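An overview of the molecular structure
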Amino acid sequence: MKKAVLVTLATVALGATTIVTLAADELAYQDQIEARQSFMHVYRFNLGLLGAMAKGEAPYDAELASAAANNLLAASRMNNRAMWPAGSDMSAAGYEGVTWAKADIWSAGSEIGAKSKALSDALEAMAAVAGDGLAAVRSNMGAVGDGCKGCHEPYRASKD
Ligand code: HEC
């Protein structure tokens, strides 16, 4: 909405060339924020596949379960530091409603690295056995869910 208004004003006042620059400059960290949110969607999608099997909403499929668990593990091991520049938190000017990342991620004593590692450890256990049967998936779901929640609770604001 904000963007649409800005672009309209720019069209009237300044012409087409400026619009492009304006849109690109509007939020310095737009690309990083989109990338990290998309990264989170990769998590959600793959965890959703496992969750549906665990809940009995989808038939257990060893190959799919193993692929989803390994995708999650690979994602958790990705170095995505560049997606989290300091100053791109929700309290920075212009970022409200764009990102839900709390400033505490970047504050002294932040445990973001440990939270990341906790998820990765849980995913390592899941990936090792996800292809071995539904019981194995089920018994590891809680720890993986806690890995997500363990970071969201302190570092991500609710959208509601
Ligand atoms: C190390 C911290 C951390 C871990 C671990 C983590 N997340 Fe997130 N997640 C975040 C933060 C911070 C945000 C907010 C990002 C933003 O809005 O810029 C977020 C946002 C999200 C979003 C919303 C994205 C959007 O478009 O607004 C989803 C969905 C999500 N995470 C899913 C997951 C799932 C599923 C897992 C576990 C497999 C997980 N996350 C693990 C920190 C984490």
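For the structure itself, look to the data block above.
Let me begin by describing the structure that accompanies this report.

Conventions and cut-offs
Residues numbered from 1 in each chain as written. Predicted model: local features only at pLDDT ≥ 70, side-chain atom pairs only at ≥ 80, totals over all residues. Heavy atoms only, no water. Core = buried A, V, L, I, M, F, W, Y, C linked by side-chain atoms within 4.5 Å. Buried < 20%, exposed > 50% of the residue type's maximum accessible area, 1.4 Å probe, protein only. Helix = DSSP H or I, 4+ residues; strand = E, 2+ residues; numbered from the N terminus. Contact = heavy atoms within 4.5 Å. Expected span 1.5 Å × (residues − 1). Bend = angle between axes of the 7 residues up to and from the residue. Axes fitted to C-alpha atoms, helices over the stretch in contact; angles between N-to-C directions. Parallel < 35°, antiparallel > 145°, perpendicular 65-115°, else oblique. Left-handed = near helix turned anticlockwise from the far one by under 90°. Nonpolar A, V, L, I, M, F, W, Y, C, P; charged D, E, K, R; others polar. Lys, Arg positive; Asp, Glu negative; His and termini not counted. Salt bridge = Lys/Arg side-chain N within 4 Å of Asp/Glu carboxyl O. Polar contact = N/O pair within 3.5 Å; in protein donor to acceptor, adjacent residues only side chain to side chain. Near = heavy atom within 4 Å.

So, on to the nonpolar core. Counting residues in hydrophobic clusters, the biggest one holds 22 residues, and the most contacted among them are Leu50, Met126, Val137, Met141 and Val144. For this core, the secondary structure elements donating two or more residues are α3 (30-54), α4 (62-77), α5 (112-129) and α6 (134-155). Those residues in contact with Leu50 that sit more than four places away from it in its chain are Ala65, Ala68, Ala69, Leu72, Met126, Val137 and Met141.

Taking 1.5 Å of rise per residue, the 22 residues of α6 would be expected to cover 32 Å, and the 32 Å separating its terminal C-alpha atoms lies within 8% of that figure. Roughly 35° is the biggest bend found in α6, and it falls at Met141. Against α3, α4 and α5 lie the buried residues of α6.

All right, on to the packing of α3 against α4 then. For the pair α3 and α4, interaxial distance at closest approach is 9 Å and the crossing angle is 150°. Compared by their axis directions, α3 and α4 come out roughly antiparallel. By crossing handedness, the relation of α3 to α4 is classed as left-handed. Contact residues: Phe39, Tyr43, Asn46, Leu47, Leu49, Leu50 and Met53 in α3; Leu64, Ala65, Ala68, Ala69, Asn71, Leu72, Ala75 and Ser76 in α4. Residues belonging to the contact of α3 with α4 are distributed by class as follows: 12 nonpolar, 3 polar and no charged.

Moving on: the environment of Trp106. Considering the arrangement of structural elements, one finds Trp106 in the loop between α4 and α5. Not counting the four nearest positions on each side in its chain, Trp106 is found in contact with Arg36, Trp84, Pro85, Ala86, Ser88, Asp89 and Ala101.

Turning next to the side chain of Asp89. Within the secondary structure layout, Asp89 lies in the loop between α4 and α5. Of the side chains with opposite charge, Arg36 comes closest to the buried, unpaired Asp89, at an N-O distance of 7.6 Å. One polar contact links Asp89 to Ser91, side chain to side chain, over a distance of 2.3 Å. Non-local contacts of Asp89, meaning those with residues more than four positions away in its chain, are made with Tyr95, Thr99, Ala101, Lys102, Ala103 and Trp106.

As a further point, take the environment of Ala125. Mapped onto the elements, Ala125 comes out in helix α5. With a relative accessible area of 35%, Ala125 lands in the partly exposed category.

In the vicinity of the ligand there are 22 residues, among which Met40, Thr99, Cys148, Cys151 and His152 approach most closely. Residue Gln37 places a side-chain N or O atom 2.8 Å away from an oxygen atom belonging to the ligand. Within the side chain of Thr99, an N or O atom sits 2.6 Å from an oxygen atom of the ligand. Elements that contribute at least two residues to the shell around the ligand include exactly α3, α5 and α6. Looking at the shell around the ligand element by element, the count peaks at 7 residues for α3. Looking at the shell around the ligand residue by residue, the class counts come to 12 nonpolar, 6 polar and 4 charged.

Attention now goes to α3. A turn of α-helix holds 3.6 residues, and therefore any two residues three or four places apart point the same way. With 25 residues, α3 should reach 36 Å at 1.5 Å per residue; the first-to-last C-alpha distance of 36 Å fits that figure. Buried within α3 we find Ile33, Arg36, Phe39, Tyr43, Asn46, Leu47, Leu50, Gly51, Ala52, Met53 and Ala54. Packing partners of the buried residues in α3 comprise α4, α5 and α6.

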